[in-house]
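Overview (structure and organization)
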Amino acid sequence: VAQLLLLIVETMTKGVFAEAGGIMLLDDKKDELHIKVAYGIDEKIAQKIAIKTGEGIIGLSVKEKRAIISSFASEPAPGKSDKNKFVYKNLISVPLLYREDCLGTLVVFNKKEAASFNEDDKVLVSNVASQTAIAIANDKLNADAEQTYIETISALAVAVEAKDPYSRGHLDRVSRLV
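Residues numbered from 1 in each chain as written. Predicted model: local features only at pLDDT ≥ 70, side-chain atom pairs only at ≥ 80, totals over all residues. Heavy atoms only, no water.

1. Re the sheet that holds strand β2 (residues 32-39)
Each strand in a sheet pairs with its neighbour through backbone hydrogen bonds, running either in the same direction (parallel) or in the opposite one (antiparallel). Strands sit in the order β3-β2-β1-β6-β5-β4 across an open sheet of 6 strands; the sheet is antiparallel. Since the sheet does not close on itself, it has two edges, and those belong to β3 (50-52) and β4 (68-70), each with one partner. In this sheet, neighbouring strand axes are inclined to one another by 25° on average, regardless of whether the strands run parallel or antiparallel. Bridge count for β2 against β3 is 3 bridges, and the pairing is antiparallel. Residue pairing for β3: E32 is matched across the bridge by K52. Lying on the sheet, helix α3 (residues 56-64) is in contact with β1 (18-27), β2, β3, β4, β5 (91-98) and β6 (101-111); it crosses β6 at an angle near 145°. In this fold helix α4 (residues 119-163) packs onto β1, β4, β5 and β6, with an angle of close to 35° to the strand it touches most, β5. (Pairing = 2+ DSSP bridges. Helix = DSSP H or I, 4+ residues; strand = E, 2+ residues; numbered from the N terminus. Axes fitted to C-alpha atoms, helices over the stretch in contact; angles between N-to-C directions. Contact = heavy atoms within 4.5 Å.)

Here it is as structure tokens:
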């Protein structure tokens, strides 16, 4: 799934003539967004990015579950560039909505050629974000189904071992070999 998400971000970034993009997923426990995949952002910087829900343009987009275009983001003062931070001048943030849940956001940064993002860009990113949310949700459902399958097989094996003294301990011996 990570490869698919990276392909989506790369294609979307190029499609709206942006310099960078990313998919940020919501960590419900911390109420924070973290970058899952990024294109055009240094990997070391991307790993450090964490945005609280409701903070900044991206956090607000997730909290309010709506797409936001911003033309006045975090452009640094002239002559001051920090190599340890990602600096952007404009962005589109579109929440990844699946049913009533927000899974994260699809963000593109820095429209090329000193232009600003427009409504057409927002519509395109929104359409891709809705399909991406479905893919992410399906991946989670498949992982849950796989986990349930493994737990069911384990429970059945334990039940068989409890009934049959001859096979008792067999599951443990096999699991050590695997």
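2. Focus on the pattern of salt bridges
Counted according to the given criterion, the structure contains 6 salt bridges. A salt bridge links E10 to K14; the shortest N-O distance between them is 2.9 Å. One end of the pair is E10 and the other is K14, both in helix α1 (residues 2-15) and 4 residues apart, which spans about a single turn. Since its relative accessible area comes to 25%, E10 is described here as partly exposed. (Salt bridge = Lys/Arg side-chain N within 4 Å of Asp/Glu carboxyl O. Buried < 20%, exposed > 50% of the residue type's maximum accessible area, 1.4 Å probe, protein only.)

3. What about the environment of A145?
Turning to its location among the elements, A145 is positioned in helix α4. For the pair A145 and S61, spaced 84 residues apart in the sequence, the C-alpha separation amounts to 31 Å.

4. Considerations on unusual backbone geometry
Residues other than glycine seldom take positive phi values, yet F17 does so here, at roughly 55°. One can find F17 in the loop between α1 and β1. Backbone geometry places R99, a non-glycine residue, at a positive phi of 55°. By the element assignment, R99 lies in the loop between β5 and β6.

5. Observations regarding α4
Compared with the 66 Å implied by 1.5 Å per residue over 45 residues, the 66 Å span of α4 between its first and last C-alpha is a close match. Where α4 is concerned, the buried positions are D121, V125, A129, T132, A133, I136, A137 and E161. Its buried side turned inward, α4 meets α1, β1, β5, β6 and α5 (170-177). Capping of α4 at its N-terminal end is provided by N118; its side-chain oxygen lies 3.0 Å from the backbone amide nitrogen of D120. (Expected span 1.5 Å × (residues − 1). Polar contact = N/O pair within 3.5 Å; in protein donor to acceptor, adjacent residues only side chain to side chain.)

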